[in-house]
Amino acid sequence: MTIELDFSKLSGRDVLDMAIAIEDEATIYYEQLADWVGDEKQEVVDFFERMAVREKRHHDQIVALRDRLFGDQPKSHADKVSWAVEAPDVYKVPDDVNLKQAFDVAMDAETRAHDFYAGALEYATDDQVTELFEGLRQAEADHRRMLEEEMAKFLG
């Protein structure tokens, strides 16, 4: 369940801090997906692990921009909340996840991430933030495409 956000009430620092936390969640949950399907298909495990690396790269890009724009200003506590953007709804994930369910969880997460960056873009006032969030919005769309391709390969 995603928390509804009113970007108009958030500062640029808030949104960057949230994005950092969201990409942290994404990394963790792709690693979790790899663990969930570990016994079923090593190629899918490898794919999810590569996706975790991509999400970590997004995290690092956002951290670098935050450092450039805000230096050592304190965090906004956004990292202390699960924003449920790229985290799966744990109540919808069965204990015995199969490949299709794992891909569905990842697809839902990528869709929410795309929507988060699209929403944030509407309120971005800094050109560097706009450029980064547009790139991340496009990357999330690319992640969905990659998931679709992998699903077709492994699920037919």
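Sequence order as written defines the numbering, with residues in each chain counted from 1. Where local features are concerned, this predicted model is filtered to residues with pLDDT of at least 70; where side-chain atom pairs are given and counted, the filter is 80 or more; whole-chain, interface and lining totals use all residues. Side-chain metrics rest on all non-hydrogen atoms present in the structure, leaving aside hydrogens and water.

With respect to the packing of helix 3 (residues 99-121) against helix 4 (residues 127-155)
Axis lines are fitted through C-alpha atoms, for helices just across the contact stretch, and the angle between N-to-C directions can take any value from 0 to 180 degrees. Going along the chain from the N terminus, every DSSP run of H or I of four or more residues is numbered as a helix, and every run of E of two or more is numbered as a strand. The interhelical angle for the contact between helix 3 and helix 4, taken along N-to-C directions, is 165 degrees, at an axis separation of 9 Å. When the interaxial angle is binned, helix 3 and helix 4 end up roughly antiparallel. Like other packed secondary-structure pairs, helix 3 and helix 4 cross with a definite hand, here left-handed. Residues that form the contact of helix 3 with helix 4 fall into these classes: 16 nonpolar, 4 polar and 9 charged. These descriptions rest on fixed angle ranges, namely under 35 degrees for roughly parallel, over 145 for roughly antiparallel, 65 to 115 for roughly perpendicular, and the rest for oblique. Should the near helix be turned anticlockwise from the far one by less than a right angle, the crossing is termed left-handed; should it be turned clockwise, right-handed. Classification convention: Asp, Glu, Lys, Arg as charged; Ala, Val, Leu, Ile, Met, Phe, Trp, Tyr, Cys, Pro as nonpolar; all other residues, Gly among them, as polar.

Looking at the environment of E140
Among the structural elements, E140 can be located in helix 4. What makes E140 buried here is its relative accessible area of 0%. Separated by 30 residues in the primary sequence, E140 and E110 place their C-alpha atoms 5.6 Å from one another. Think of it in three bands: with a 1.4 Å probe and only protein chains considered, a residue is buried below 20% of the maximum accessible area for its type, exposed above 50%, and partly exposed in between.

Quick look at the packing of aromatic side chains
Any two of the Phe, Tyr and Trp rings considered here, Trp counted by its six-membered ring, make a pair once their centres fall within 6.5 Å; the pair's planes then place it as stacked at under 30 degrees, edge-to-face at over 60, or tilted in between. The tally for this structure, following the rule as stated, stands at 8 aromatic pairs. Residues F7 and Y123 carry aromatic rings whose centres are separated by 6.4 Å and whose planes lie at 25 degrees to one another, so their mutual orientation is stacked. Here the residue F7 occupies a position in the segment before helix 1 (12-36), and Y123 occupies one in the loop between helix 3 and helix 4, the gap between them amounting to 116 residues. For Y123, a relative accessible area of 43% translates into the label partly exposed. When the centroid spacing of 5.3 Å and the interplanar angle of 50 degrees are considered together, the rings of F48 and F103 count as tilted. Separated by 55 residues along the polypeptide, F48 in helix 2 (residues 42-70) and F103 in helix 3 bring together distant segments of the chain. The class of F103 is buried, set by a relative accessible area of 0%. Taken together through their ring pairs, the aromatic side chains of F7, F116, Y117, Y123 and F133 make up a single cluster.

Looking at helix 2
Taking 1.5 Å of rise per residue, 29 residues should cover 42 Å, and helix 2 covers 42 Å from first to last C-alpha, within 8% of that figure. Among all positions in helix 2, only V44, V45, F47, F48, M51, A52, E55, H58, H59, I62, L65 and R66 are buried. In this description, contact between two residues means that some pair of their heavy atoms is separated by no more than 4.5 Å. Tucked into the core, helix 2 has its buried residues touching helix 1, helix 3 and helix 4. Expected helix span is given by 1.5 Å per residue-to-residue step, counting one fewer step than there are residues.

A word on a negative patch on the surface
What goes into a patch is any residue over 30% in relative accessible area without a salt bridge, connected to like charges within 9 Å or, for nonpolar side chains (Val, Leu, Ile, Met, Phe, Trp, Tyr), within 5 Å. All accessible-area figures derive from a Shrake-Rupley calculation using a 1.4 Å probe, and residue coverage is judged against the displayed protein chains alone. By definition here, a salt bridge exists when the distance from a side-chain nitrogen of Lys or Arg to a carboxyl oxygen of Asp or Glu is within 4 Å. His residues and chain termini do not enter the charge count, which takes Lys and Arg as positive and Asp and Glu as negative. The atoms used to mark charge sites are NZ of Lys, CZ of Arg, CG of Asp and CD of Glu. The grouping of E31, D35, E43, D46 and E49 at the surface amounts to a negative patch. Of all the elements, helix 2 adds the most residues to the negative patch, at 3 residues. In this structure, D46 sits in helix 2. A relative accessible area of 30% means that D46 is categorised as partly exposed.

Some points on the nonpolar core
Ranked by size, the top nonpolar core spans 21 residues in total, and within it Y30, F48, F103 and L147 carry the most contacts. Counting only elements with at least two residues in this core, the list comes to helix 1, helix 2, helix 3 and helix 4. Excluding residues that lie within four positions of it along the chain, L147 makes contacts with Y30, F47, F48, F103, A106, M107 and E110. For our purposes a nonpolar core is just a set of buried Ala, Val, Leu, Ile, Met, Phe, Trp, Tyr and Cys residues, chained together by side-chain atoms within 4.5 Å. In terms of nonpolar packing, the next biggest core, distinct from the first, is built from 17 residues, I20, I62, F116 and L121 among them.

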